[in-house]
Amino acid sequence: MNKPLEGLLVLEFCQFLAGPSAGLKLADMGARVIKIERPVKGDACRQLAIKNLFVDDNSLLFHTINRNKESYAADLKDAGDLQKVKELIAKADVMTHNFRPGVMEKIGLDFESVKTINPRIIYGVVTGYGNKGPWAAKPGQDLLVQSVSGLTYLSGMADEGPVPFGLSVADILCGNHLTQGILAALIKRAKTGKGVLVEASLLESTLDMQFEVLTTYFNDGGKLPRRSAVKGQGHSYLSAPYGIYETADAYLALAMGNLQAISTLIGCDLSGVYTDSRSTFEKRDEIMLLIAERLKMKTNAEWLNILEASGIWCAPVLNYQEATAHPAFKQLQIQQPLNLKDRVINTTRSPLQLDGEKLYSSKAAPEIGSGNDIINQEFNLA
């Protein structure tokens, strides 16, 4: 299939997760993405491992977010290498970076300088906390951003301290937002013929993710979220029965639903705590405790047969082994192989479908500078 971004040239001056994840999304939609990396060491993410897993001297994490790209090694402090990079920029459509504020200005590759090289450039920037302000120089690291954004007080139980999210959620969200901004900027450029500066920060992305609950906080007298004292509560701002409950043999998730209907179906007497719809908020924990005790009396399969037959929103709680073995997972065909020199590793594909076709790419992450010779020749770089 012809992918929508085919013919688009993206130069990625990014390390770690947020910027490279945006590059991955652009590549999956057809763009040609060239990573501009330091000679020898390259992107620092090559040595940033999850669970200490490495493949061919690079972390498995690096392979995860840098597949479907090329690598061009250049020392930006070397005048000759910098000149070659500038010649590439002159022919590019998009460039992205996530250096700390001031770094690109020092080497003459900030937006204003780059516009003199390529007035049509889409220039994407990821920062931790924005270019200005008291945190501008603070390390833009995912856990730190989660910690200062309020996010860690949404999960867990009332008697717990802050609970971080179990993913690099700030990085992943910011990469998505940068991708959205770049696509919007490409449309604007098509109308105006001019380049566009696109900026995203980890903190703003993490705050945006919380827009529902922050709006509640802003308009509710500044009251903090009230986490439940009951294990498994799924959302600090939602009412009972929303949460995860233990059954006789596993765990069951209950989403929002008609509490009277649910209580009748499972045989749970709520008359002592439920009087009207306000009770589901005001007596949330008491209601959840009663439901929790009742759900322990049957297995997951028994409860699902009862609840799903009546249209109650519920689901089993699956681990990775169970989820990936399920026919629904297999139907999605979300898993794809990456072909390395002497082995194959498995990862996920783009979640998008275009004209009914899934976006696959088996092209593995590049070795440092593996594209230099081809790129120098193709673009006539001195």
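This write-up is about the structure you can find in this document. (Residues numbered from 1 in each chain as written. Predicted model: local features only at pLDDT ≥ 70, side-chain atom pairs only at ≥ 80, totals over all residues. Heavy atoms only, no water.)

## Description of the packing of aromatic side chains
And step 1. Across all of its chains, the model carries 3 aromatic pairs by this definition.
And step 2. Pairing Y129 with W135 gives two aromatic rings, centres 5.6 Å apart and planes at 70°, and the pair type is edge-to-face.
And step 3. On the accessibility criterion, Y129 (9% relative accessible area) is buried.
And step 4. Residue W135 is classed as partly exposed on the basis of its relative accessible area of 37%. (Phe/Tyr/Trp six-rings, centres within 6.5 Å; stacked < 30°, edge-to-face > 60°. Buried < 20%, exposed > 50% of the residue type's maximum accessible area, 1.4 Å probe, protein only.)

## Concerning a nonpolar patch on the surface
And step 1. On the surface, F165, L167 and I172 cluster together to form a nonpolar patch covering roughly 280 Å² of accessible area.
And step 2. Take F165: it is sitting in the loop between α6 (142–148) and α7 (169–192). (Patch = residues over 30% accessible without salt bridge, like charges linked within 9 Å, V, L, I, M, F, W, Y side chains within 5 Å. Areas by Shrake-Rupley, 256 points an atom, 1.4 Å probe, with all protein chains shown as cover. Salt bridge = Lys/Arg side-chain N within 4 Å of Asp/Glu carboxyl O. Helix = DSSP H or I, 4+ residues; strand = E, 2+ residues; numbered from the N terminus.)

## Quick notes on the pairing of strand β7 (residues 122–127)
And step 1. Counting buried residues in β7 gives 6 out of 6 residues, a clear majority hidden from the surface.
And step 2. Neither face of β7 is open: one carries I122, G124 and V126, the other Y123, V125 and T127, and all of them are buried.
And step 3. Of the pairings in the sheet, the one linking strand β6 (residues 94–97) to β7 comprises 4 bridges and is parallel in character. Bridge pairing in β7 links M95 to Y123.
And step 4. Alignment of β7 against strand β8 (residues 196–201), held across 6 bridges, turns out to be parallel. Looking at the pairing, V126 lines up with A200 of β8. (Pairing = 2+ DSSP bridges.)

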